[in-house]
Amino acid sequence: MKNITADFFKYAQFFAFVLSCANLYALEMRCVAHRGIHDALPENTAEAVKLAYDSGATWVETDFHSTKSGLNVCIHCEKVLETLSGCKKKIADLCADDLAQIDLGKSGKYDRAYRIPLMEDILKLVPKDRVLQAEIKGYSPTYASDFARAVKAAGLAPKNIVVSSFDKKALADFKSKYPEFDTMWLVVASKYDLKRLLAEAKLLKVKYIALGGGGFESLDAQYADGVRSAGYEFRAWGVNKRSTFLKAVELGATGFTTNHYFDMLKLGGEIDGVKVLP
């Protein structure tokens, strides 16, 4: 009996050690390349997105708008368009001729021309084992069907896509038409108390709630725990500096978007108990 007891404790200690090795990290966080890798390339271009995937990124985030001419283009907003190219047109007014002529590398920082890509151009770049977080910026009645068609044409599956947006109406409409895609609600933290946030999220039927912007660094663990307890995955957006990263860690965010992909991967390696995943 004595030997059996000794053997029991010996193996118990061994398995405890194995389990401790398997859980070296209290928190694993997915680092999402926001608008591709744009420390070196113009944001939301095909080149910036390709560089992100080629660099090992598992998740890449991009922005899509519908135009009046029926195109779906990848760019963030008019301010970015003007800053990068000098063009002052509204994104909704862009046509095929504009896409052939506008140079997103015109600011002088780049030595060649970069074009605004179409939705289908970006989707073709997504590897079959990776994810594109596709943010809805400019929604139209045909956006959802255009997107689903482009996903299929690119040979991708719903598992390769997470559709995100600040626009609740667009997100709800998309989800109602294509429930097979996971969705993420992007939220300015200062705008919602927990009760209202969860009530809205339930109506949207989202998988992820991502908080950021004003009020993010004032959130507490109870708020984040409330999101998780309600069945949602808690994420963060706009994590571009150390203090915001540390807040995301404190809140237990399982992923975050950043403009500085490589810097945040490096920073994650400096924080005990945290593993930042590419």
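Everything in this summary refers to the structure shown in the same document. Quick caveat: nothing in here was measured; it's all calculated off a predicted structure.

**Notes on the pairing of strand 7 (residues 208-212)**
Step number 1: Counting buried positions along strand 7 yields 5 of 5 residues, so the element is predominantly enclosed.
Step number 2: The alternating pattern of strand 7 places Tyr 208, Ala 210 and Gly 212 and Ile 209 and Leu 211 on opposite faces, both of which are buried.
Step number 3: Relative to strand 7, strand 6 (residues 182-188) runs parallel, the two sharing 5 bridges. When the bridges of strand 7 are listed, Met 184 appears paired with Tyr 208.
Step number 4: By the bridge criterion, 4 bridges tie strand 7 to strand 8 (residues 233-236) in an arrangement that is parallel. Note on strand 8: the bridge partner recorded for Ile 209 is Phe 234.

**Here's the deal with helix 10 (residues 242-251)**
Step number 1: Along helix 10, the residues that are buried comprise Thr 244, Phe 245, Lys 247, Ala 248, Val 249 and Leu 251.
Step number 2: Phi turns positive, to about 75°, at Gly 252, one or two residues after helix 10.

**Some words on the nonpolar core**
Step number 1: In terms of nonpolar packing, the biggest core is built from 64 residues, with Leu 123, Phe 147 and Phe 245 touching the most fellow members.
Step number 2: Per element, the largest residue contribution to this core is 5 residues, and it comes from helix 6 (residues 143-153).
Step number 3: Ignoring anything within four residues of it in the chain, the contact list for Phe 245 reads Met 29, Val 239, Phe 256, Met 264, Leu 267, Gly 268, Ile 271, Val 274 and Val 276.
Step number 4: In this structure, Ile 75, Leu 104, Tyr 110 and Leu 118 belong to the second largest nonpolar core, which totals 17 residues.

**Digging into helix 8 (residues 194-204)**
Step number 1: Of all the positions in helix 8, only Leu 197, Leu 198, Ala 201 and Leu 204 are classed as buried. Each buried residue of helix 8 lies within a common arc of 120° when the element is viewed along its axis, so the set occupies one face. More than 90 degrees from the buried face of helix 8, the exposed residues found are Lys 195, Lys 202 and Leu 203.
Step number 2: Of the surrounding secondary structure, the elements contacted by the buried residues of helix 8 are helix 7 (168-177), strand 6, strand 7 and helix 9 (221-229).
Step number 3: Lys 205 occupies a position one or two residues after helix 8 and carries a positive phi of about 60°.

**Some words on the packing of helix 8 against helix 9**
Step number 1: With their axes 10 Å apart at the nearest point, helix 8 and helix 9 run at an angle of 20° to one another. Here helix 8 lies roughly parallel to helix 9, going by the angle between them. When you trace helix 8 past helix 9, the crossing you get is right-handed. Note on element contacts: helix 9 touches helix 8 through Gln 222, Tyr 223, Gly 226 and Val 227, opposite Leu 194, Leu 197 and Leu 198.
Step number 2: Per-class residue counts for the contact of helix 8 with helix 9 are 5 nonpolar, 2 polar and no charged.

Procedures and definitions
- Residues numbered from 1 in each chain as written.
- Predicted model: local features only at pLDDT ≥ 70, side-chain atom pairs only at ≥ 80, totals over all residues.
- Heavy atoms only, no water.
- Buried < 20%, exposed > 50% of the residue type's maximum accessible area, 1.4 Å probe, protein only.
- Helix = DSSP H or I, 4+ residues; strand = E, 2+ residues; numbered from the N terminus.
- Pairing = 2+ DSSP bridges.
- Core = buried A, V, L, I, M, F, W, Y, C linked by side-chain atoms within 4.5 Å.
- Contact = heavy atoms within 4.5 Å.
- Arc of directions from axis to C-beta.
- Axes fitted to C-alpha atoms, helices over the stretch in contact; angles between N-to-C directions.
- Parallel < 35°, antiparallel > 145°, perpendicular 65-115°, else oblique.
- Left-handed = near helix turned anticlockwise from the far one by under 90°.
- Nonpolar A, V, L, I, M, F, W, Y, C, P; charged D, E, K, R; others polar.

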